[in-house]
Amino acid sequence: MNEMIYTYDGSFEGFLCCIFDSYANKEVLTAITDDEDSAPILFPVRAIRTDSGHAGRVLRKLHKLSPYGEELVRRGFLTCMEEREIRLYRLVVKLLREGPSFLRNFSDETLHPVATAVRHLNGEAHLLKGFLRFSDLGGILGSEIEPKNRVLPILRSHFCARYQNEKFFIYDRVHHEALFYAAGKAVIRPLADFQMAPPNETEAAYRLLWKRFYDTVAIRERENPKLRMTHMPKRYWSTMTEFQDDPYFTPQSSAAAVPVPGVPAGKPAPGTPPAPGRPAPASAP
Amino acid sequence: MKMDVLAKLEILTDAAKYDAACTSSGVRRGFRQGYIGNTTSSIAGCCHTFSADGRCVTLLKVLMSNCCVYDCAYCVNRRSNDTRRAAFTPQELADLTINFYRRNYIEGLFLSSGVLRNPDYTMEQMIRAIRILREEYRFNGYIHAKAIPGAAPELVEQLGLLADRLSCNIELPSETGLRTLAPEKTKAAVLAPMRQIQVRSIQNKEELVKYRHTPKFAPAGQSTQMIVGATPDSDLHILRLTQGLYDRYQLKRVFFSAYVPVVESALLPSKETKPPLLREHRLYQADWLLRFYGFRAEELLDEQAPSFDPRLDPKCCWALRHPEFFPVEVNRADYEALLRVPGLGVVSARRILTARRTGPLRLENLPKLGVVMKRAQYFLTANGRMADGLRFTQDSLLRNLIAVEQSLLPQPEMRQLSLFDDAV
């Protein structure tokens, strides 16, 4: 067996094709990378072409062996785990060689790092279900987050079910992608940059109401900053309404100056027309 | 005099904040066509933020009104207290809730109220607000509402059909406490709606089996709260009461609220007293042991030792008093025995059960399964062996466990040494 380094296009399908080709070529992988320049040069490098047919075969095989194993690979690919591709590759190799019984042993050395990373991803997604904040931008709800893992695919079903009759988007500042939802359809698309528009009167009023509520609800005699930070690490604070400075709560003077952000021109986002002018379901107090 | 919503929100939040309950769990409801919102699919609920005191904020926790005809000594809202008063109109409250919900600030509404005019009138106001939310704004999220003691059963029934969870606070752990501190409230008046909700929930479950579309009555059950530290009741008394409430009224949760002195009164601890946070913490630990670990109140405390040891958690205390139960063998013990080991929890005990099906476990595997070895090592064996080089006596064991616990507790405040000690 030859030891090899594979490069791929960075997509999940591309990664699955790396696994497929390593078996087809009878090669053992020491690294899988989507960045050709950073690959170590000790081993020969092969560039893998993405083929959705091959990717599908790998997934079906995984599913047949263990649906949990498939879930681990799918979710593991979204995590920020170091050497994520090669660890997932080793998990798949072990699964194919030994069968799924080791997946029950959480302390198994191949499984443990992957399972821990997936738990971290799930945990972060769970926290963001609560910590994410929307702003009403002329009838469209907009939000920005800064997660370590790529949580958008996991947040999708939660927010689509919750705000079924709304139009909304969530922009991931770290991974430069955004989830768009409108009229029952949701897509995740890369989005290089995005700037949130300043709030109008109503939006600013609700932001202020929320901040006032947040500040009031704490009991002074029980103050416990350490406990708060345990439950809600500071890295989430930057995108949360209650921790913003004064300008965040000042409305833009003229209502007409509030642009509708939605989808920038040229970005594909089927099913998400940035239709402005739709009144918010509930009016100002 | 008209007051704007911002001022009202501030007053009514300030008045509601001493209520401990803030949960959004216990009910799973997916989206409904034409409605906004769902309830969380996670068992743990969904926290939207944490306030400066470290408590979770899930729901918009406000009072309908903080005007109150009662004069309970421990309460900020009692009628003799000189404080700003306000009341939401049902429309204002519904608007506020739905707009907070759209922005993902909250999971739903937690509505309580001071007694405005009389219990029936208060409940009617609350029901009107929730009805606007549910019927006009088609709100499908979580609502926790408080049943006001003394209100008509018909109103409790209506509230239960609109809300997910109901609660009636028993306020103080004993009837003598209630009689001295809250003379207008009686134990009977608090327990009547609690019983009604329980009976109605059981009946509703039977109806749901027969008719799938029966309207659901308080699908997330009911909870209650009591204040700890305002009366001289012992931990044993409180824990027994808690256990009784779980057994007899099938409550989902009993909340404890450390008494924060809000007024100087001869009947109450002085205003300088710090809230008994550690005691509250121990009570919650014991509450978890009752609900998830198969402990009974009598096992944790008895007449000789009616209070919790502040230095150690209740499970460690139990383990120290029962050396005959240990060590527990990781590869053989059943789930119930594993749960009784300090340092092992529900998750790690489950993981041990599944992991040992693939092969024998060694002590080195356990930290990866989430076991806290600092505590568990004294009580576990794997294949008959304890951790290498571990020697201890009953005495040193106690000292070691206290040392482990100490680092987790808030440290006593440091005081600058002074040459001229003026604080005599």
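Residues numbered from 1 in each chain as written. Chains lettered and ligands numbered in written order. Predicted model: local features only at pLDDT ≥ 70, side-chain atom pairs only at ≥ 80, totals over all residues.

### Notes on the overall build of chain B
Moving on, step 1. The number of helices and strands found in chain B is 14 helices and 10 strands.
Moving on, step 2. Over its C-alpha atoms chain B spans a radius of gyration of 24 Å, differing by no more than 12% from the 22 Å that the globule rule assigns to 424 residues.
Moving on, step 3. In terms of overall dimensions, chain B has C-alpha extents of about 75 × 70 × 40 Å along its principal axes.
Moving on, step 4. Within chain B, buried positions represent 44% of all 424 residues.
Moving on, step 5. The contacts of chain B with a sequence gap of at least 6 include a subset with a gap of at least 24, amounting to 69%. (Helix = DSSP H or I, 4+ residues; strand = E, 2+ residues; numbered from the N terminus. Rg over C-alpha atoms; globule rule 2.2 N^0.38 Å. Buried ≥ 20, exposed ≤ 12 C-beta atoms within 10 Å, placed from the backbone. Contact = placed C-beta atoms within 7 Å.)

### A closer look at the UniProt feature "domain: DUF4130" (unreviewed entry) in chain A
Moving on, step 1. On the UniProt side, "domain: DUF4130" (unreviewed entry) is annotated at positions that read residues 83-242 of chain A here.
Moving on, step 2. As annotated, residues 83-242 of chain A has a helix share of 44% and a strand share of 17%, and its two end C-alpha atoms lie 36 Å apart. (UniProt positions renumbered as here; feature names shortened; annotations may be inferred.)

### Brief notes about the domain arrangement of chain A
Residue and element names in this part refer to chain A.
Moving on, step 1. Structurally, chain A comprises domain 1 (2-121) and domain 2 (132-257).
Moving on, step 2. Taken over C-alpha atoms, the centre of domain 1 sits 34 Å from the centre of domain 2.
Moving on, step 3. Facing the 5 residues of domain 1 at the interface are 5 residues of domain 2.
Moving on, step 4. Classifying every residue of the side of domain 1 that touches domain 2 by side-chain character gives 3 nonpolar, 2 polar and no charged. (Domains from an automatic or database assignment. Nonpolar A, V, L, I, M, F, W, Y, C, P; charged D, E, K, R; others polar.)

### Things to note about the sheet that holds strand β6 (residues 167-172) of chain A
All names here are of chain A.
Moving on, step 1. Strands sit in the order β4-β5-β6-β7-β8 across an open sheet of 5 strands; the sheet is mixed. The open sheet has two edge strands, β4 (135-137) and β8 (185-190), and neither has a second partner. Here the strands of the sheet are splayed against their neighbours by 20 degrees on average, with no regard to which way each runs. (Pairing = 2+ DSSP bridges. Axes fitted to C-alpha atoms, helices over the stretch in contact; angles between N-to-C directions.)

### Things to note about the interface of chain B and chain A
Moving on, step 1. Listed per partner, the contact involves 48 residues of chain B and 46 residues of chain A.
Moving on, step 2. Considered class by class, the residues forming the side of chain B that touches chain A number 22 nonpolar, 14 polar and 12 charged.

### Focus: the domain arrangement of chain B
Residues and elements named next belong to chain B.
Moving on, step 1. Domain boundaries assigned for chain B yield domain 1 (5-300) and domain 2 (314-406).
Moving on, step 2. Between domain 1 and domain 2, the C-alpha centre-to-centre distance is 37 Å.
Moving on, step 3. Each partner contributes residues to the interface: domain 1 has 9 residues there, and domain 2 has 6 residues.
Moving on, step 4. Ranked by residue count, the leading element in the side of domain 1 that touches domain 2 is helix α8 (residues 277-292), at 5 residues.
Moving on, step 5. Among the residues forming the side of domain 1 that touches domain 2, the class breakdown is 5 nonpolar, 2 polar and 2 charged.

### Brief notes about the sheet that holds strand β4 (residues 108-112) of chain B
Residues and elements named next belong to chain B.
Moving on, step 1. Here we have 6 strands laid out as an open sheet, ordered β3-β4-β5-β6-β7-β8, and parallel in their pairing. Pairing within the sheet leaves two strands with one partner each, and these edge strands are β3 (59-63) and β8 (253-258). In this sheet, adjacent strand axes meet at a mean angle of 20 degrees when their direction is disregarded.
Moving on, step 2. Two elements, strand β7 (residues 222-228) and β8, share 6 bridges in a ladder whose sense is parallel. Bridged to methionine 226 within β8 is phenylalanine 256.
Moving on, step 3. The sheet strands contacting α8 are β7 and β8, and the helix crosses β8 at an angle near 170 degrees.

### Quick look at the packing of helix α7 (residues 201-217) of chain A against helix α1 (residues 5-16) of chain B
Each pair of packed helices gets described by two things: the angle between the helix axes and the distance between those axes.
Moving on, step 1. At a minimum axis separation of 9 Å, α7(A) and α1(B) run at an interaxial angle of 20 degrees. Looking at the two axes, α7(A) sits roughly parallel to α1(B). Regarding α7(A) and α1(B), the two cross each other, and that crossing is right-handed. Here α7(A) contributes Leu208(A), Leu209(A), Arg212(A), Phe213(A), Thr216(A) and Val217(A) to the contact with α1(B), which in turn contributes Val5(B), Leu6(B), Leu9(B), Glu10(B), Thr13(B) and Asp14(B). (Parallel < 35°, antiparallel > 145°, perpendicular 65-115°, else oblique. Left-handed = near helix turned anticlockwise from the far one by under 90°.)

### Some words on the pairing of β7(B)
Residues and elements named next belong to chain B.
Moving on, step 1. The buried count for β7 comes to 7 of 7 residues, which makes it a mostly enclosed element.
Moving on, step 2. Residues Gln222, Thr224, Met226 and Val228 of β7 are buried on one face, and the alternating residues Ser223, Gln225 and Ile227, pointing to the opposite face, are buried as well.
Moving on, step 3. Sheet topology note: the strand β6 (residues 165-167)/β7 ladder contains 2 bridges and is parallel. Counted as the bridge partner of serine 167 is serine 223 from β7.
Moving on, step 4. Tracing the backbone out of β7, into helix α7 (residues 235-249) and back to the parallel element β8 gives a crossover that is right-handed. (Right-handed = clockwise from strand over helix to strand, strands pointing away.)

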